[in-house]
Structures are given as C-alpha cells and as structure tokens.
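# Survey of secondary and tertiary structure
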Amino acid sequence: MPEQATEVTAAGIARLAGVGRAAVSNWRRRHADFPKPVGGTETSPSFALPEVEQWLRDQGKLAEVPLRERVWQQVAGHPEGGVTALTHTGCALLLVRDRPTAWLELTAVSDERMAGVLPHAMEEVLGARLGPDTGARARSGGPVPSGRAVAPVLTGSDTPAGRPSDGSPAAGSPAGDAGSVHSPSAVHTARAVPTPSTDALLPSVPLLRAAAELAAGIGAGQTFEFLLGRQLDANPRQYTLTPPGLAELMAALAETGKDTDQPGGRRPVRSVLDPAAGTGTLLRAVAGPAELLAQEVDPALAALTALRLALHGDGSPRSTPARTVRGGDALRADAFPQLAADTVLCHPPFNDRNWGHDELAYDPRWEYGFPARTESELAWVQHALARLRTGGTAVLLMPPAAASRRSGRRIRADLLRRGALRAVIALPAGAAPPYGIPLHLWVLRKPGGELRPVPELLLVDTTDPVGPGTATGTQTSGGRDRPDWPAVHAAVLDAWRDRADHPGVSRVVPVIELLDDDVDLAPARHLPRPAAGGGAAGLEDVRERLADTLRLTADLTPPPAELSAPAHRPLTTVGELARAGALLLRTGTGTAPRTDTGTTPVLTEHDVLAGTAPSGTPAPPPTAAPGTPAPDDLVLLEPGDVVVPVLGAGSVARVVDEATAGAALGRNLQLLRPDPAAIDPWFLAGFLRGTANHRQASSYASTAARLDARRLQLPRLPLAEQQRYGEQFRALAAFEDALRTAGRLGGQLVRGMYDGLTDGTVTPR
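Positions within a chain are numbered from 1, following the residues in the order the chain's sequence is written. Residues qualify for local features only when their pLDDT is at least 70, as the model is predicted, and side-chain atom pairs are given and counted only at 80 or more; totals for whole chains, interfaces and linings, by contrast, use all residues. By convention in this description, side-chain values take in all heavy atoms of the structure and omit both hydrogens and water.

Time to look at the overall build of the protein. A count of helical and extended segments in the protein gives 26 helices and 24 strands. In the protein, which comprises 765 residues, the share counted as buried stands at 49%. For the protein, the proportion of contacts with a sequence separation of at least 24, taken over those separated by at least 6, is 75%. Each accessible area is a Shrake-Rupley result for a 1.4 Å probe, and residues are judged covered by the shown protein chains and nothing else. As displayed, the protein has an accessible area near 34800 Å², and 53% of this comes from carbon and sulfur atoms. In this description a helix means any DSSP run of H or I spanning at least four residues, a strand means any run of E spanning at least two, and both kinds are numbered starting from the N terminus. Remark: exposure states derive from per-residue accessible area (1.4 Å probe, protein chains only) relative to the maximum for the residue type, with buried under 20%, exposed over 50%, and partly exposed in between. Residues are treated as being in contact if the distance between any of their heavy atoms lies within 4.5 Å.

What follows is the structure, encoded as structure tokens:
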C-alpha cells in the first residue's frame, strides 16, 4: 500500500457500497479477508481506500465507485486534513480552467515530477486571479525568488481558528502577535492563498488528477462547490454558515433598493465588501460584474473563500473584476482602511465579548458611539458604515436582541437621527443559525454630502408568513433552513421597494416615534400581527367555512363499530415484502433538484404530521444546475406511495395523492411504494398505523423512539380483502382531515373574535 494512501472510515465504506454502517461491521466480522485498519482509533478505525474498493469489487458489492464519491473520499482522507486538500484542489482547478493546455502537459509526467513543477504553474494562475503574494517575504523572513514555492500558512485542521477564549488574536493568523495586529505587512498585503510547496503537494497529486477528471465533466467551479459543500456538511458544528436563500436576499436588498435620497434610484453594484466573509456565500450571491473584497479572521477559511470566488464565473482574469481576499480580524486589523465601497454585506459573529472593546476605545470608526462590550454587533454595523462611500448600502444579519438591548440604545438613536438606518427586517425562524431564533436584517445607508436624513424607518416582519400550506398564517415548514424563501423574498423586496404600510407585514414609522427611552426597533413591537381570518370583515367567511366543515365531519363520522373476536391471521413484515419485490422501501434525504421553474418542493416530517402540502424548500446539491439529472439518492413521490415518519411521531402514515406527487421525500421519513397488483396502499397505510404494530417495530434505546419500518407487520390477505379494508381506512383518513380542518378554522374564529372584541372592530351582542 502506498505510504500516503487515502483512508476511509466505516461510514465512508457504507456510503461507497450504499449500505448501513451495521453491514460494514458484519463484513468485518464475517470475512477474514476484509482490509485491515491502517489508522484511526480502536472505536473508529480507518482503512486504505484502494484496498476497500478492490475488496468491494471482488465481493460483487461495488461495480465502480462514482467519480464524485472517489474524489470526495480522497479529500476526506487526505493526510493533512480536508481544508488543506481543498486548498490544493482549488489551486489545481484554477490551473485546469485558466490554462488547460499547461495542465495536460503537467499531468503527462510522474507524480513526483508533477509535484515539482506544479508550484510555479500555480503561482502564475494565483497571481493572475488573486494578485501577487506580497506577503510571502513577511512569512519566509526574506525575499522569495520568482517561481519558488512558498509554504502555506494553513493549520491543516478543519476547525476555524476563530479567536481564543481570552480574546487574544488566533495563533497562526495574521494577527498572531501583538506587534502585528495593525501591521500592514502582516495583514494587508498577504494573499489569502499562498502557493503550496512541492513537499506539501506530493500527497495531493492523485487527488488533483481525479479532481481534474471530475472537472472535465461538470466544470472546475462546480467541482469545487461540490467538494466544499461536502466538507461543510461533514463538519456542521465547526462552521457558522449563511444559507444561500438568505445570501441572495441580502444581495438583492443591496442591489434593488429604492433610494429616495439619490436621483436615478437604482445604482449598479461596483464594489462589494464582506468584512466577515466565512466561506464567501454572501459575495458569491452578488449578481452582475462587481469587484469583490473580503476579510476573514481564519486563514484556512480565507483561502477557501478566495479560491471559491476565483472559480466563480468563467471570465478571463482581465475581464473579471478583482477578487481580493485578506486574512485577519476586520475590527482589530482592518485590511481595507481606505476603502469606500458601494455595498457591504456582512454576517458578523454574534455575542462576541472579545471583539476588541479595550484596544479600540478611541477608534475613529465609532462615529455613532462607542459600543459596549456586549454590543459587538453594533461595532460591526459602524465598521460597515465606515467602509461605505456616501450613499452606499450595507446589509447586515443581526440577532434580534441588537434591536432592543438597553446598552445599545444611544447608538441606535444616533443611527436613526442621522438617517443611517433605513430598515429593520424580521426573518422567520430557521433562516440562519441559530435556527430557533427569528433573526433580523438591518439595511443602512451612509449619510453625508448632499443626502438629507430620512425621518422614517421601514419595519418589516416576515416571521409569520401567509402562504401555501398555512391555514392561519403560521409557518408550516419550520426547522433548519426551511423558510419559504420565494415568499420571504417577495414580501421583503416588495416592502423595501414600496416603503409603504401593509398591515401585519410592513410599516413606515416616523423616527420621532422611535426615539423614546428604549429605542426599541424590533418590528414585532411596532407591527401588530394581521387579524385572524382577515380581520372583522373576514370572520363571517371563516364561520361559514367552519360550519361547512362541521357538516362534512358529521357526514364522515364512522358508523358504530361491529365488535368481533380477535382475528388470528398469518403475518408478514415490510422487510419480507421488500425482499420479495412486493414493495420498495426508500429513505428520504431532503435533497431536491433545481429545475427551470425553481426547486422541487420537499415533503417534510411536519407536513406528514399536520396533513399539509409539501413545504420544504431546500437548496439544491452544489453541483446541481437546471436540467441536471437527479442524483441517485433523490426520492420523488408517486401516487399511491405510503410515507411514515421514523422519529417518535406516533402511529402516522400518509398515502400520497396526485396533489403531493412529484415532491421530494424529506429527512426522517421512509417511503413504502407497494406493487398495486399485490398490495393496496390504503390497506398498507392503515395497518402501519396500528398502535401495537408501531410499538413492536420501534426502538427505545435513546430519548426519542425510532421506527424500523422493516419490522412493521401486515396480515396476509387476498387483494380483494385488502381493498375492503382499504376503503374503510380511506374513509377514516377523510374523517381525520375534516377534524383537523375544523380545529384550525375553529381556532382561527376564536382568535379573530378575541382580537375584534379587544380592538373595537367587533361589538358584543
């Protein structure tokens, strides 16, 4: 086995073979020739990927590893870590895209020779895309001869460096010592992606060859997006991400704002800064040609962001506006002190008490007041304003507490008086981490010059959107990255363009009304929720619909039950039926392809429990594009499918109808697709809902019960008898839906009556 062979864990082997981890454990016990561990720990061993692939082929368990999976396994098993592997891959993909002929010449030699000549070629493309590495001298301690490789300043760890708990700059970052915190040579001039050395590249050469092969099929940019997405998904707790839907909304707010203070209205974005760039999602969402500038405190993320932006788009270096990415803490060591950008987009760190309060007490950026130690977000707001041109726009993601904490009221008041803060927009929960909190967007314009202060603030509340799948204006999707982004985009952008009052959605509030002792800018405080049922005028309609539903419920009430002795029928299990081919069993992934008309909706666990239409709207896989074939693990619903939740949801089963067909199956759901010639779907769904059946098929090893659908039992009955049971189960499901609708309408009527009586729009009788 080669000394630097890529390693893979048991979970990776399971993914390669399309089985569960338990199957891999069984193979290790039953097959003496299963590859031996070459690393890892006793509880989580790792195996050589080439040996695993060969064993799977020999056993007939794997015809061929998909190229994308093989490349990802090489990234995940890289001896220096996934971040280093991605950095080397990004440099190589730049070379593949910008100089394909040179790349073909380089790959014609041995791995050792290729690693020796790659640094010079990489330096040329990195310099053309990201500028010369003028910080190389500072890192190496002396001049760097042309073409000589420079050792990368990367930790090799997947964990972002961040700030240590004591508030000192992160070790290994450009602000790593006190003498270089404000040093231009340490922060401002160093390119975010140093040229890798020959020794560093040698273990990566097989990966680079495979990544280039993948890029030949889907493109260099899509290859990097796919690998970066897998890296982020594999380490969810190590990164704070900005969801793509939110990034697109923030970029649209900056680009399409109706500027009432500036003649001409819309102004194209020419230069865009993100001072806390993370993985560069905000800058990647910017539409049209724009100069992109970024700063990121973690050097590893800064390198990945630089490569991501450089690989985004297909223009030549001369025709593509500059992409400038620098390392360092933007508050302590600003890399762009003289910048006057058109736009600033920022998702700053929240609740950071070590943001530099003691060191930056006399910083000139605090034009609106010196932020308290607990108001790090207001420090980022003022930093964004300081880096804007007069009339420029900043859009920042903020925690809701920043709009109402008393420690920040003076700064908020000055932002209002001077006309810098133009809008506060409350987003639905799940828009971004932390997912359980409805975060805010602040839209700011830098005042000055001939611009006169605007004596009003736009407040928008989208925390309770009304849309498909909602009965009373409550969001049905919920959870992580589940907002209905098209509806949120439409509501926010319409309110921002019109700057008009829409009951329960937006209101233009005079500044003088907000300048009280609290200066509370939370939209919920100034925007009453829309009255249930459309206000007093709509209550009669709700009442009529409730009466119709109650009549339907009475008609659907089951007749008196005919009692009989317990039946003793031969039973079979779902697992046996699946092995016999009588039904197909699939597990939901929550992924959905992007089509020319948008993203395929996803049936979520909440939709199954509440009986509502598919409401999930996940982002497509990184490599997906309009017209791209659906991935193999994508599960699209068909009429007659039976869907059951797998996590502690009680005995619930839903039969897919024509209206739900075509949606994708969400996470924590299992699909049973019966052969209609052998199994009636309503018969199947009805018996799956039996309480005793559900209990015997569930595992209670953790705090939440987990259903094993293969253990669910069914009686062996002829198809005609199944259909007789199925009709009864279908009638019960219709009765249940009517009861659910009556409950929603009844709650809506009660709440509407309370609201009307208390606000005076309804008089007592």
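There's more to say after this.
With that settled, consider the sheet that holds strand β4 (residues 271-274). The strand order across the open sheet formed by nine strands is β6-β5-β4-β7-β8-β10-β9-β11-β12, and the pairing between neighbours is mixed. Each edge of the open sheet carries a strand with a single partner, namely β6 (323-327) and β12 (506-510). Along the sheet, successive strands turn relative to each other by an average axial angle of 15°, direction set aside. Where strand β5 (residues 291-296) meets β6, five bridges bridge the pair, whose relative direction is parallel. Residue pairing across strands places L292 opposite R323, the latter belonging to β6. Axis definition: a line fitted to C-alpha atoms, limited for helices to the stretch in contact. Angles are taken between N-to-C directions and run from 0 to 180 degrees. Contacts from helix α17 (residues 409-417) reach β9 (421-426), β10 (440-445) and β11 (456-461), with the element oriented near 45° to β10. Any two strands between which DSSP finds at least two bridges are classified as paired.

What follows covers the side chain of R389. Position of R389 relative to the elements: it lies in strand β8 (residues 388-398). Side-chain atoms alone can form a polar contact between residues adjacent in sequence; in general such a contact is a pair of N or O atoms within 3.5 Å, and within protein one must be able to donate a hydrogen while the other accepts it. Among the polar contacts listed, one links the side chain of R389 to the side chain of D342, at a separation of 2.7 Å.

A few words now on the sheet that holds strand β3 (residues 45-48). The antiparallel open sheet is built from three strands, whose spatial order is β1-β3-β2. In this open sheet, the two strands that pair with only one neighbour each are β1 (7-9) and β2 (39-40). Judged from the three bridges that link them, β1 and β3 form a sheet pairing that is antiparallel. Residue pairing in the sheet places E7 in a bridge with A48 of β3.

Here we come to the nonpolar core. In summary, soluble globular proteins display a tendency toward joint burial of nonpolar side chains. Take the buried residues of types Ala, Val, Leu, Ile, Met, Phe, Trp, Tyr and Cys, join any two whose side-chain atoms come within 4.5 Å, and each joined set is a nonpolar core. Ranked by size, the top nonpolar core spans 88 residues in total, and within it L253 and L441 carry the most contacts. Here this core gets ten residues from one element, more than from any other, and that element is helix α15 (residues 299-311). Those residues in contact with L441 that lie beyond four places of it in its chain are L246, L249, M250, L253, V395, L396, L397, A423, V424, I425 and L427. If you look at the next biggest cluster of nonpolar residues, it comprises 43 residues, including F336, L385, L388 and I411.

A few words on the confidence of the model for the protein. Residue-level confidence of the predictor, termed pLDDT, takes values from 0 up to 100. Here the protein shows a mean pLDDT of 81. Residues at 70 or above account for 80%. Across the protein, element-level confidence peaks in helix α16 (residues 376-386) with a mean pLDDT of 97 and bottoms out in helix α9 (residues 184-187) with 43. Overall, residues 137-187 carries pLDDT values under 50, and its contacts beyond four positions in sequence, including any with other chains, amount to 101 contacts. Ignoring residues within four places in sequence, the model shows residues 258-266, a span with pLDDT below 50, making 15 contacts including any to other chains.

Turning our eyes to something else, we now look at the packing of aromatic side chains. Only Phe, Tyr and Trp rings take part, Trp by its six-membered ring, and two of them pair if their centres are within 6.5 Å. Stacked means planes under 30 degrees apart, edge-to-face means over 60, and tilted covers everything else. Enumeration according to the criterion identifies ten aromatic pairs in this entry. Here the aromatic residues W27, F34, F47 and W55 are joined through ring pairs into a cluster of three or more. Across the ring face of F226, the terminal group of R68 is positioned such that the distance to the ring centre comes to 5.1 Å. Put simply, a charge is over a ring when the Lys NZ or the Arg CZ is close to the ring centre, within 6 Å, and near the line of the ring normal, within 35 degrees. A cation sits over an aromatic face here: R724 above Y725, 5.8 Å from the ring centre.

Moving on to unusual backbone geometry. Backbone torsion omega between P433 and P434 reads -5°, so that peptide bond is classified as cis. Along the chain, P434 turns up in the loop between β9 and β10. Its identity is not glycine, yet R499 carries a phi of approximately 45°, on the positive side. With respect to the secondary-structure elements, R499 resides in the loop between α18 (485-498) and β12. At V519, a position not held by glycine, the phi torsion is positive, near 50°. Looking at where V519 falls in the secondary structure, it is placed in the loop between α19 (511-514) and α20 (523-526).

On to the pattern of salt bridges. Should a side-chain nitrogen of Lys or Arg be within 4 Å of a carboxyl oxygen of Asp or Glu, the pair is scored as a salt bridge. Counting across every chain of the model gives 31 salt bridges. In this structure, R230 and E69 form a salt bridge, with 3.4 Å as the shortest nitrogen-oxygen distance. Of this pair, R230 sits in helix α12 (residues 220-234) while E69 sits in helix α4 (residues 67-76), and the two are 161 residues apart along the sequence. R230 gets classed as buried once you look at its relative accessible area, which sits at 16%. With its nearest N and O atoms 3.9 Å apart, the salt bridge here joins D541 to R545. Separated by four residues within a single helix, D541 and R545 lie in helix α21 (residues 536-556), roughly one turn from each other. Since its relative accessible area comes to 41%, D541 is described here as partly exposed.

Attention now moves to helix α7 (residues 111-130). Every α-helix carries 3.6 residues per turn, so stepping three or four residues along brings you back to the same face. With 20 residues, α7 should reach 28 Å at 1.5 Å per residue; the first-to-last C-alpha distance of 27 Å fits that figure. Two axes define the bend at a residue: one fitted to the seven residues ending there, one fitted to the seven starting there, and the bend is the angle between them. Residue L118 marks the point of greatest curvature in α7, where the axis turns by about 35°; the proline P119 follows within four residues. Three or more residues of α7 are buried, namely M114, A115, L118, P119, A121, M122, V125, L126, R129 and L130. Looking one or two places after α7, you find G131, whose phi comes out positive at around 90°. To estimate how far a helix should extend, the number of its residues minus one is multiplied by 1.5 Å.

A word on the environment of E69. Its relative accessible area of 11% is what places E69 among the buried residues. Note: C-alpha distance between E69 and G12 (57 residues apart in sequence) is 9.4 Å. Residues contacting E69, with those up to four places away along its chain left out, are R15, L16 and R230.

In the case of a regular strand, side chains alternate between the two sheet surfaces. In terms of burial, β6 is a largely internal element, five of the five residues being buried. Here β6 shows a buried face lined by R323, V325 and G327 and a second buried face lined by T324 and R326.

To continue, consider α15. Relative to the 18 Å expected for 13 residues at 1.5 Å per residue, α15 spans 18 Å between its end C-alpha atoms, a close match to the ideal helical length. Taking burial as the measure, the 13 residues of α15 include 13 buried ones, the bulk of the element. The first or second residue beyond α15 is G313, which carries a positive phi of 95°.

Running from N to C, helix α5 (residues 82-98) and α7 point in directions that differ by 75°, and their axes come no closer than 9 Å. Comparing the axis directions of α5 and α7 gives the class roughly perpendicular. Seen from α5, the contacting residues are H88, C91, A92, L94, L95, R97 and D98; seen from α7, they are L118, A121, M122, V125, L126 and R129. Looking at the contact of α5 with α7, its residues break down into nine nonpolar, one polar and three charged. Oblique is the label for any angle not covered by the other classes, which are roughly parallel (under 35 degrees), roughly antiparallel (over 145) and roughly perpendicular (65 to 115). Residue polarity follows a fixed list, in which Ala, Val, Leu, Ile, Met, Phe, Trp, Tyr, Cys and Pro are nonpolar, Asp, Glu, Lys and Arg are charged, and the others, Gly among them, are polar.

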